[in-house]
Amino acid sequence: MNAGPDRPSFPPLFAGLEVAGGTDPFAKACAEAALGCDAGTIVYNIAVDRLAAAIVFAPEVALQDAMAMLPACGVGFQNALGALAPPEVAVHLTWQGGILVNGAACGSFRAAAATADPDSVPDWLAVGLEVRLIPDDPDAPGAEPDRTSLFEEGCVEVAPARLLESWARHTLVWINRWSEEGVRPLHAEWRGLAHGMGEEIALDRGGGAMHGVFVGIDERFGLLLRQGGATTLVPLSELLEK
């Protein structure tokens, strides 16, 4: 696929699949993965108001370890936007997949896999990304202080296609590091970008909210939530969409 002003160019091992605006790239990626598409397929749509994309992986390790692809994609996005945006733009990540730009919600990640069994090797794993490019209401930017867009945070010159291809490149770097060096470098990088660590958070779990202090993550990026004198481990695989 040739790159153009509005068409991203992906690194080796990745191949783009552009979908129309009415199609959810994440749902399409999951459907393509279930049909046996190649690992490294990036399904994407660049609209006026948002960038949406999803990467298909073919893990060779158990799901509980393969879930490291979710934080790898998050760190890859922070690195990508950091390379393209003005230096004053700060990007942080929530454990549940949220993307914060200068402290306000700007997008999110999601994940799905062929199995929810943490001990099984899934046939496929998909990680989706969605980022707001302009305000939800262009006539009232800043109307919701806890929500933002790249436009509102000074990223007008960041071309969505370049951001998408940069995300793919930086994510590939972190996947390679995870594969060659183990989880430690990715773990350290993600912790440095984590939002809310050491603070009281509300965690939506099984339809109900759990409240506690986000004290850290374990070696598989599971969330450690302290409630009173007890600490609960919430596996990262619980974020998988059914």
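Below is a summary of the structure that appears in this document. (Residues numbered from 1 in each chain as written. Predicted model: local features only at pLDDT ≥ 70, side-chain atom pairs only at ≥ 80, totals over all residues. Heavy atoms only, no water.)

**A word on the environment of L236**
And then number 1: Within the secondary structure layout, L236 lies in the segment after β11 (230–234).
And then number 2: For L236, a relative accessible area of 5% gives the class buried.
And then number 3: Taking the C-alpha atoms as reference points, L236 and W95, 141 residues apart in sequence, are found 8.4 Å from one another.
And then number 4: Setting aside anything within four residues of it in sequence, one finds L236 in contact with M67, L70, P71, W95, R220, F221 and G222. (Helix = DSSP H or I, 4+ residues; strand = E, 2+ residues; numbered from the N terminus. Buried < 20%, exposed > 50% of the residue type's maximum accessible area, 1.4 Å probe, protein only. Contact = heavy atoms within 4.5 Å.)

**Points about the side chain of N45**
And then number 1: Note on placement: N45 falls in strand β2 (residues 41–46).
And then number 2: What makes N45 buried here is its relative accessible area of 6%.
And then number 3: Residue contacts for N45: discarding those within four places in its chain leaves V19, A20, G21, P25, R50, L51 and A52.

**Some words on the sheet that holds strand β5 (residues 98–101)**
And then number 1: With mixed pairing, seven strands are arranged side by side in an open sheet as β1-β2-β3-β7-β6-β5-β4. Every interior strand has two partners, whereas the edge strands, β1 (15–18) and β4 (91–93), have only one. Looking at each pair of strands side by side, their axes are set apart by 20 degrees on average, direction ignored.
And then number 2: Pairing geometry for β5 and strand β6 (residues 104–113), over four bridges, is antiparallel. Opposite G98, over in β6, you have S108 as the bridge partner.
And then number 3: Strand contacts of helix α4 (residues 160–181): β2, β3 (50–57), β6 and β7 (125–132), with the helix running at about 30 degrees to β3, the strand carrying the most contacts. (Pairing = 2+ DSSP bridges. Axes fitted to C-alpha atoms, helices over the stretch in contact; angles between N-to-C directions.)

**Some remarks on the pattern of salt bridges**
And then number 1: All told, the structure shown has ten salt bridges when counted by the stated rule.
And then number 2: Here E18 makes a salt bridge to R7, at a shortest N to O gap of 3.6 Å. Remark: R7 occurs in the segment before β1 and E18 occurs in strand β1; sequence separation between them is eleven residues.
And then number 3: Across the pair D136 and R147 runs a salt bridge, and its minimum N-O distance is 2.4 Å. (Salt bridge = Lys/Arg side-chain N within 4 Å of Asp/Glu carboxyl O.)

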